[in-house]
Every structure is written in C-alpha cells, then in structure tokens.
Amino acid sequence: ACSEGWSGASCLTPCPLGLGGRACSGSPCYEGRCWCTGDTCGTSCNMTGLTCEQFLCPHGRYGDGCAGVCPGGSVNPCNGHGLCRNVVYSVGGC
C-alpha cells in the first residue's frame, strides 16, 4: 500500500488534495484519481449535495466523458452484485 497522498504501482502518482489538505478528502485514490465515497464528489471529493449532480453519468456508465461501462452494463450494473458509482470522477468499481 502507498503512503497517504500517493498511488500507482510504484506509489509515485500524487493524489489530488481536498478538504483539510488530505488526499481526496480522505476517500480512496487510484492512479492519481479520487474514488469519492459517501455523498461526496469532485476531482478531490470536496463537494456534496446539489453540486454533485453535474458529475452524474447515465445509469451504468462512469469516468471521463462517461465513457466507462460498469460491469454488466446499463441493463444490470455490477451484474446485480452491488452498485456502480455513476460519476465522472469514478473508477466504476462495484
């Protein structure tokens, strides 16, 4: 595991700083991108509420330009085993 604020195979990729100067505002970071948890959103997981609606992707999609497709697609995201975070700044995990 990498030290807080770093990610990637060699732990050399910095994570965006968010609330309180913490990497991703305390949410997980993968390959320099924040995977926001709870009701947070944004590039550093520093926003909540209505602001987050601008970052939503269509059901079953995620990532930059909503180009990522969740496992199982829009018909059955995560193949019925969990939820796929349909936000722009997400890695689409189930």
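Everything below is about the structure shown above.
What you are looking at is a predicted structure, and each value in this text was computed from that prediction instead of being measured.

This part covers the state of the cysteines. All chains considered together, the criterion is met by four disulfides. Paired through a disulfide, Cys24 and Cys34 show a sulfur-sulfur distance of 2.0 Å. Across the S-S bond of Cys24 and Cys34 the torsion is about -85 degrees, and the bridge reads as left-handed. Pair noted here: Cys24 is in the loop between β2 (13-14) and β3 (29-30) and Cys34 is in strand β4 (residues 33-34), with a separation of ten residues, a long-range link. Accessibility expressed as a relative area gives 2% for Cys34, which makes it buried. The disulfide bridge from Cys36 ends at Cys45, spanning 2.2 Å between sulfur atoms. In this structure the cystine formed by Cys36 and Cys45 twists about its S-S bond by roughly -95 degrees; its chirality is therefore left-handed. An identical accessibility class is assigned to Cys36 and Cys45; each is buried.

Here the idea is simple: oppositely charged side chains can pair when their charged atoms come close. Tallied over the full model, the rule gives one salt bridge. Among the ionic pairs, Glu4 bridges to Arg22, the shortest N-O distance being 3.6 Å. Note that Glu4 is positioned in the segment before β1 (6-7) and Arg22 in the loop between β2 and β3, a separation of 18 residues in sequence. The class for Glu4 is exposed, based on a relative accessible area of 57%.

Membership of the largest hydrophobic core is limited to seven residues, which are Cys15, Ala23, Cys24, Cys29, Cys34, Cys36 and Cys45. In contact with Cys15, not counting residues within four places along its chain, are Gly5, Trp6, Ser7, Ala23, Cys24 and Cys29.

Right, let's talk about the side chain of Ser25 for a bit. As for its placement among the helices and strands, Ser25 is situated in the loop between β2 and β3. Here the side chain of Ser25 touches Ser44 through a polar contact of 2.8 Å, landing on its backbone oxygen. Setting aside residues no more than four positions away along its own chain, Ser25 makes contact with Gly18, Leu19, Ser44, Cys45 and Asn46.

Rules behind the numbers
Residues numbered from 1 in each chain as written. Predicted model: local features only at pLDDT ≥ 70, side-chain atom pairs only at ≥ 80, totals over all residues. Heavy atoms only, no water. Disulfide = S-S within 2.5 Å. Helix = DSSP H or I, 4+ residues; strand = E, 2+ residues; numbered from the N terminus. Buried < 20%, exposed > 50% of the residue type's maximum accessible area, 1.4 Å probe, protein only. Salt bridge = Lys/Arg side-chain N within 4 Å of Asp/Glu carboxyl O. Core = buried A, V, L, I, M, F, W, Y, C linked by side-chain atoms within 4.5 Å. Contact = heavy atoms within 4.5 Å. Polar contact = N/O pair within 3.5 Å; in protein donor to acceptor, adjacent residues only side chain to side chain.

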